[in-house]
Amino acid sequence: MSDKTATLNVDGSSLELPVLPGSVGPEVVDIRKMYGQTGKFTYDPGFTSTASCQSAITYIDGGEGILLHRGYPIDQLAEKANFLEVAYLLLHGDLPKQEELDEFTQTITYHTMVHEQLAQFFRGFRRDAHPMAVMTGVVGALSAFYHDSTDITDPQQRLIASHRLIAKMPTIAAMAYKYSVGQPFVYPQNDLSYTGNFLRMTFSVPAEPYEVNPVIERAMDRIFILHADHEQNASTSTVRLAGSSGANPFACIAAGIACLWGPAHGGANEAALNMLREIGDEKNVKAYVDRAKDKNDPFRLMGFGHRVYKNYDPRAKVMQQTAEEVLKELNISDPVLDVARQLEQIALNDDYFIEKKLYPNVDFYSGIILNAIGFPTEMFTALFALARTTGWVAQWNEMISDPEQKIGRPRQLYVGATQRDYVPVGER
Ligand code: SDX
């Protein structure tokens, strides 16, 4: 702990606030005593300059376009690891030894089935319900089935709930897809990988055999890795805030799914592909770029920009390479990819985007790959939620174990009416 301080001079008095260092990245000014000593709050809508917690899971250097999970660069993990290996790393802090990975993989594999009654929940939805509405409802309902892993004070129950959530998300996501297309649910098959199992539960039909395509399996696994965790983003902060009240882990993850759905966050992958399709042809790109620059036009380039990355999102680079691989493997020439490349080139050379440091983010290319694999656009954010559950679970566990943790309860700058007396309706 350093003895460095920041001085706050206000109302004629001076306050020394501790400055706390991390292992890397910006230091923080500890303002926990500020209100008590000055009667003033800090003000930071959107938490653009606020550290909500200490964390050792993920580090992002937005200026340099660096993303580390427990210190390991995302491009190395995407190239060399598999998703469950990254899930173990996020949860436990180190890359697993072979026997640890084998045990973790088996544990997850043997939790992939869901209670048979859970299937009834799907039947209450319309077939055209958005998969994120289904995921929010069904994952929230898991707490009604797994009472033996909702006591958050018991580390063993927290671990079982964590395994159940990571294991069952692919099954629930696949069920949401099957329900939307009117096909029967497909049970997990334990001799397949986590991602191979998900592809089979999603795309196989009882009428014929299904072979997992290893190139697609690898690409999907890499997409899951790229979406696994991302520091204190909106949905992770939602999970932490829900968890800070002592809510059970299934309810917390359902809250994270609800937040991720927004088009400014996880919903951007669906919105980005819809935008690229609306642009339709390279000759239309410039008009859309001009709209994105027009202050009077609410249109934004979906899949562009980021609160933290003011350089290229390192995940977007890997995603673009994966898009090329998958389209080649499936022998698809998708004109939308040409539109995306043209849009990226024009935007990256345009003063507006350069000045505002707007680059493609993780959502810009992912939709092209998912569409090529066969997922409907509405499923894209559900796949993001599937992968991000691992990060949410790791962050939730870290929050619960944090000795500094207390219920999250922000304050406000009140700008409403000051106290006034009630006026009877006849005198108003
Ligand atoms: C994810 O937080 C995370 O880590 C999220 C995520 C994760 O893994 O969890 O990385 C996943 O959510 C990626 C982001 C997906 N969203 C989109 O692609 C939607 C489009 N992008 C934006 O709406 C926006 O860039 C945000 C929401 C991502 C970031 O918004 P900020 O940081 O609040 O920035 P801002 O809205 O204040 O924008 C700064 C300026 C503004 O112009 P001025 O008002 O200063 O003149 O940049 C402009 C914005 O108008 N701008 C854009 C733009 N994004 C920002 N202009 C055109 N197109 C865009 N996409």
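Attention here is on the structure that accompanies the text. (Residues numbered from 1 in each chain as written. Predicted model: local features only at pLDDT ≥ 70, side-chain atom pairs only at ≥ 80, totals over all residues. Heavy atoms only, no water.)

**Some words on the overall build of the protein**
The condition is simple: Secondary structure elements are defined from DSSP: runs of H or I of at least 4 residues count as helices, runs of E of at least 2 residues count as strands, and each element is numbered from the N terminus. With the radius of gyration taken over C-alpha atoms, the globule rule is written as 2.2 Å times the number of residues to the power 0.38. Burial status follows relative accessibility: with a 1.4 Å probe on protein chains alone, a residue under 20% of its type maximum counts as buried, one over 50% as exposed, and anything between as partly exposed. Any two residues whose heavy atoms approach within 4.5 Å at even a single point are treated as in contact. Just so you know, the count uses Lys and Arg for positive and Asp and Glu for negative, and it drops His and the chain ends. Charge positions are represented by NZ for Lys, CZ for Arg, CG for Asp and CD for Glu.
Each helix and strand counted, the protein has 18 helices and 6 strands in total. Against the compact-globule benchmark of 22 Å for 428 residues, the protein has a radius of gyration of 23 Å, which places it among compact chains. Projected onto its principal axes, the C-alpha positions of the protein cover 80 × 65 × 60 Å. Out of the 428 residues belonging to the protein, those deemed buried represent 47%. Of all intrachain contacts in the protein linking residues separated by at least 6 positions in sequence, the fraction that spans at least 24 positions is 71%. Across the protein, 39 positive and 52 negative side-chain charges occur, with their mean positions spaced 5 Å apart.

**Thoughts on the environment of Asp154**
Tracing the chain through its elements places Asp154 in the loop between α6 (131-141) and α7 (155-181). The exposure class of Asp154 is partly exposed, given its relative accessible area of 25%. Put simply, Asp154 and Gly71 are 83 residues apart on the chain and 28 Å apart in space, counted from C-alpha to C-alpha.

**Thoughts on the packing of aromatic side chains**
Filter applied, for reference: In this analysis, rings of Phe, Tyr and Trp, with Trp reduced to its six-membered ring, are considered paired at centre separations within 6.5 Å, and the interplanar angle assigns stacked below 30 degrees, edge-to-face beyond 60, and tilted for intermediate values.
Summed over the entire model, instances satisfying the criterion amount to 19 aromatic pairs. Residues Phe304 and Phe353 carry aromatic rings whose centres are separated by 5.9 Å and whose planes lie at 70° to one another, so their mutual orientation is edge-to-face. Of this pair, Phe304 sits in the loop between α13 (285-293) and α14 (314-329) while Phe353 sits in helix α16 (residues 351-355); the two residues are 49 residues apart in sequence, bridging distant segments of the chain. Here the two residues Phe304 and Phe353 agree in accessibility, since each one is buried. What links up through ring pairs into an aromatic cluster is the set Phe83, Tyr177, Tyr194, Phe198, Phe203, Phe224 and Phe375.

**What to know about helix α10 (residues 234-244)**
Every buried residue of α10 is listed here: Ser235, Thr236, Val239, Arg240, Gly243 and Ser244. Structurally, α10 contributes buried residues whose contacts are with α11 (249-260) and α18 (380-401). Once α10 finishes, Gly246 follows within two positions and takes phi at roughly 95°, a positive value.

**Observations concerning a nonpolar patch on the surface**
Formally: Residues with no salt bridge and a relative accessible area higher than 30% make up the patches, which join like charges within 9 Å and nonpolar side chains (Val, Leu, Ile, Met, Phe, Trp, Tyr) within 5 Å. Using a 1.4 Å probe, the Shrake-Rupley method yields the accessible areas, and only the shown protein chains count as cover for residues. Note on definitions: salt bridges are taken to be side-chain nitrogens of Lys or Arg within 4 Å of carboxyl oxygens of Asp or Glu.
On the surface, a nonpolar cluster with roughly 400 Å² of combined accessible area is contributed by Tyr43, Leu413 and Val415. Structurally, Tyr43 is set in the loop between α1 (34-38) and β4 (58-61).

**Looking at the packing of α7 against α11**
Our working rule: For helices, the fitted axis covers only the stretch in contact; all axes are lines through C-alpha atoms, and the angles between them, taken along N-to-C directions, range from 0 to 180 degrees. Should an angle fall under 35 degrees it is called roughly parallel, over 145 degrees roughly antiparallel, and 65 to 115 degrees roughly perpendicular, with every other angle called oblique. Crossings are assigned a handedness: left-handed for a near helix turned anticlockwise from the far helix by less than a right angle, right-handed for a clockwise turn. Basically, the charged four are Asp, Glu, Lys and Arg, the nonpolar ten are Ala, Val, Leu, Ile, Met, Phe, Trp, Tyr, Cys and Pro, and anything else, Gly included, counts as polar.
Across the interface, α7 lies against α11 with an axial gap of 10 Å and an inter-helix angle of 40°. As judged from the angle between their axes, α7 and α11 are oblique. In this structure, α7 meets α11 at a crossing whose hand is right-handed. Counting all contacts with α7, which are made through Ala161, Arg164, Leu165 and Met169, the residues of α11 involved are Pro249, Phe250, Ile253 and Ile257. Taken together, the residues that form the contact of α7 with α11 break down as 7 nonpolar, no polar and 1 charged.

**Thoughts on the site of the ligand**
Worth spelling out the cut-off: Whether a residue is near a molecule or strand depends on its heavy atoms: if one lies within 4 Å, it is near. Throughout this description, a polar contact denotes any pair of N or O atoms lying within 3.5 Å of each other; where both atoms belong to protein, one of them has to be capable of donating a hydrogen while the other can accept it, and for residues adjacent in sequence the pair is counted only when both atoms sit in side chains.
His230, Lys295, His306, Arg315 and Arg388 are the nearest of the 24 residues found near the ligand. For the ligand, an oxygen atom lies 2.9 Å from a polar atom in the side chain of Arg300. Within the complex, 77% of the 1100 Å² of free accessible area of the ligand lies under protein. Considering only residue class, the shell around the ligand consists of 10 nonpolar, 7 polar and 7 charged.

**Here's the deal with the sheet that holds strand β2 (residues 13-20)**
Which entries qualify depends on this criterion: The criterion for strand pairing is that DSSP finds at least two bridges linking the strands in question.
Sheet architecture is open: 3 strands sit in the order β1-β2-β3, paired in antiparallel fashion. Looking at which strands have only one partner, the edges of the open sheet turn out to be β1 (5-10) and β3 (28-29).

**As for the sheet that holds β4**
Taking strand neighbours across the sheet as the criterion, the 3 strands line up as β4-β5-β6 in an open arrangement whose pairing is antiparallel. For this open sheet the edge positions go to β4 and β6 (72-73), each flanked by a neighbour on one side alone. Pairing analysis gives 4 bridges linking β4 to strand β5 (residues 66-69), with the strands arranged antiparallel. What sits directly across from Ile60, in β5, is Leu67.

**Re the side chain of Ser143**
If you trace the backbone, Ser143 turns up in the loop between α6 and α7. Looking at Ser143, the relative accessible area reads 17%, which means it is buried. Only 2.9 Å separates the side chain of Ser143 from the backbone oxygen of Gly140, close enough to count as a polar contact.

**Quick notes on the pattern of salt bridges**
On inspection of all chains with the given rule, the structure shows 16 salt bridges. The network of salt bridges with shared partners includes Asp30, Arg32 and Glu404.

**Points about unusual backbone geometry**
Of note in this structure, Glu231 is not a glycine but carries a positive phi near 65°. Here Glu231 lies in the loop between α9 (214-226) and α10. Overall, the relative accessible area of 25% leaves Glu231 in the partly exposed class. A positive phi angle is found at Asn331, which is not glycine, with a value near 55°. For Asn331, a relative accessible area of 71% corresponds to the exposed category.

**A few points about the nonpolar core**
Put simply, the rule reads: Remark: nonpolar core denotes a set of buried residues (Ala, Val, Leu, Ile, Met, Phe, Trp, Tyr, Cys) joined through side-chain atoms within 4.5 Å.
Residues Leu343 and Phe375 are the most contacted members of the largest nonpolar core, which totals 115 residues. Each residue touching Leu343, except ones within four places of it in the same chain, is listed here: Met275, Leu276, Ile279, Val285, Val289, Leu301, Phe304 and Phe364.

**So, the environment of Ser23**
With respect to the helices and strands, the residue Ser23 is situated in the loop between β2 and β3. Accessibility expressed as a relative area gives 81% for Ser23, which makes it exposed. Residues Ser23 and Leu159, spaced 136 residues apart in sequence, show a C-alpha to C-alpha distance of 27 Å.

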